[in-house]
Each structure stands twice: as C-alpha cells, then as structure tokens.
Amino acid sequence: MQVSAFDAGAVELVVDDAPIAGMGISFKMAGDYAIVRDVTPGSPAEAAGVERGDRIHAVNGTSVAGLTDDAFIALGTGREGSSVELELDRDGEQRTARFTRRRIESEDTGK
C-alpha cells in the first residue's frame, strides 16, 4: 500500500485491547524518507541493527514518502508482538531490518 502526501492524514492507528508497542527509534521526516535520529538502547530496532542516520524508505512495504510524523508513527506502532519490516539504506547500501514490536520503557516515567 502506498500512502501519498495527500492522504497521509488518513492513516489511523487501531489497536484492539492489546498493549501498544513500538520500534524504539526517534526520527525526523525528510521528504521521501525518515532519518533515524536515535535508537533506544535495548530496543527491538537496536537488536535488528538499526543505527542512527539510517534512512527508512518503507515500513511493512508502505512507502513513507510524504508522510507526516503522525502517519509515520502510526505505521511503526502496533500490537505488541507484531512484526515490522523496515526498508532502509545506510551510506547508499539497501538493507532490510525485521523485528517484533514490543513495549518501550520510558526512562523518565518507568512506563
């Protein structure tokens, strides 16, 4: 599924009663991709080898080109234990990172 810049706001996060989980990255949208700003130590993304500076082009096969921050977060967030696949590049080399979402503990709140 491709989400254009026009309908990116239509991406909605729907999670049943399962805990919401994530990837463990902070990012900045940069037009056609999201740049990984930081990777949470011990997170699923870190275990899968995602590094600061990686450029994410797709999440589970959906292009991130033109997405808002909220739409990107909706793609990367889901049910705890669900799979996620990132298509990314590092220094021009294409990579795929696959991992399972889990709850990311906040250092500030303990939650």
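See the structure printed just above.
A brief report on the enclosed structure follows.

Rules of the game
- Residues numbered from 1 in each chain as written.
- Predicted model: local features only at pLDDT ≥ 70, side-chain atom pairs only at ≥ 80, totals over all residues.
- Heavy atoms only, no water.
- Helix = DSSP H or I, 4+ residues; strand = E, 2+ residues; numbered from the N terminus.
- Contact = heavy atoms within 4.5 Å.
- Core = buried A, V, L, I, M, F, W, Y, C linked by side-chain atoms within 4.5 Å.
- Buried < 20%, exposed > 50% of the residue type's maximum accessible area, 1.4 Å probe, protein only.
- Salt bridge = Lys/Arg side-chain N within 4 Å of Asp/Glu carboxyl O.
- Pairing = 2+ DSSP bridges.
- Phe/Tyr/Trp six-rings, centres within 6.5 Å; stacked < 30°, edge-to-face > 60°.
- 1 Å grid on protein atoms, 1.4 Å probe; cavity = no way out; pocket = protein on both sides within 12 Å on 5 of 7 lines; lining within 4 Å.
- Points joined across faces, edges and corners; volume = space filled by probe spheres on them.
- Nonpolar A, V, L, I, M, F, W, Y, C, P; charged D, E, K, R; others polar.

Notes on the side chain of Asp-89
Its place among the elements puts Asp-89 in strand β7 (residues 83-90). Excluding residues within four positions of it along the chain, Asp-89 makes contact with Asp-54, Arg-55, His-57 and Gln-94.

Focus: the nonpolar core
If you look at the biggest cluster of nonpolar residues, it comprises 21 residues, and the most contacted ones within it are Ile-25, Val-50, Ile-56, Val-59, Phe-72, Leu-86 and Phe-99. Contributing elements (two or more residues each) for this core: β2 (25-29), β3 (34-39), β4 (55-59), α2 (69-76), β7 and β8 (93-100).

Notes on the pattern of salt bridges
For the structure shown, the criterion picks out four salt bridges. In this structure, the salt-bridge partner of Asp-54 is Arg-90, at a minimum N-O distance of 2.6 Å. Here Asp-54, found in the loop between α1 (44-47) and β4, pairs with Arg-90, found in strand β7; they are 36 residues apart in sequence, far enough to count as distant. Taken as a pair, Asp-54 and Arg-90 share a single burial class, namely buried.

A short note on unusual backbone geometry
The phi dihedral of Asn-60 is positive, around 50 degrees, even though this residue is not glycine. Take Asn-60: it is sitting in the loop between β4 and β5 (62-63). When its relative accessible area of 41% is taken as the criterion, Asn-60 is described as partly exposed. Unlike most non-glycine residues, Asp-91 shows phi in positive territory, near 55 degrees. Structurally, the position occupied by Asp-91 is in the loop between β7 and β8. Accessibility expressed as a relative area gives 81% for Asp-91, which makes it exposed.

Here we look at the pairing of β2
The alternating pattern of β2 places Ile-25, Phe-27 and Met-29 on a buried face, while none of Ser-26 and Lys-28, on the opposite face, is buried. Here β2 runs beside β3; their pairing, made up of five bridges, is antiparallel. Looking across to β3, one finds that Ser-26 is bridged to Asp-38.

Topic: the packing of aromatic side chains
For the structure shown, the criterion picks out one aromatic pair. Seen from their ring centres, Phe-27 and Phe-72 are 4.4 Å apart, and the 50 degrees between their planes marks the pair as tilted. A residue pair is termed long-range when its members are at least 10 positions apart, and Phe-27 in strand β2 and Phe-72 in helix α2 qualify at 45 residues. Considered together, Phe-27 and Phe-72 belong to a single accessibility category, that of buried residues.

Side note on the layout of surface pockets
Unoccupied space between atoms shows up once a probe the size of one water molecule is rolled over them. When its volume is computed, the largest pocket comes out at roughly 160 Å³. What lines the largest pocket is Gly-22, Met-23, Gly-24, Ile-25, Phe-27, Phe-72, Ile-73, Gly-76 and Thr-77. Elements supplying a minimum of two residues to the lining of the largest pocket: β2 and α2. Of the residues forming the lining of the largest pocket, the biggest block, three residues, is contributed by α2. Of the residues contributing to the lining of the largest pocket, the split by class is five nonpolar, four polar and no charged.

Remember, this is a structural readout, not a statement about activity or role.
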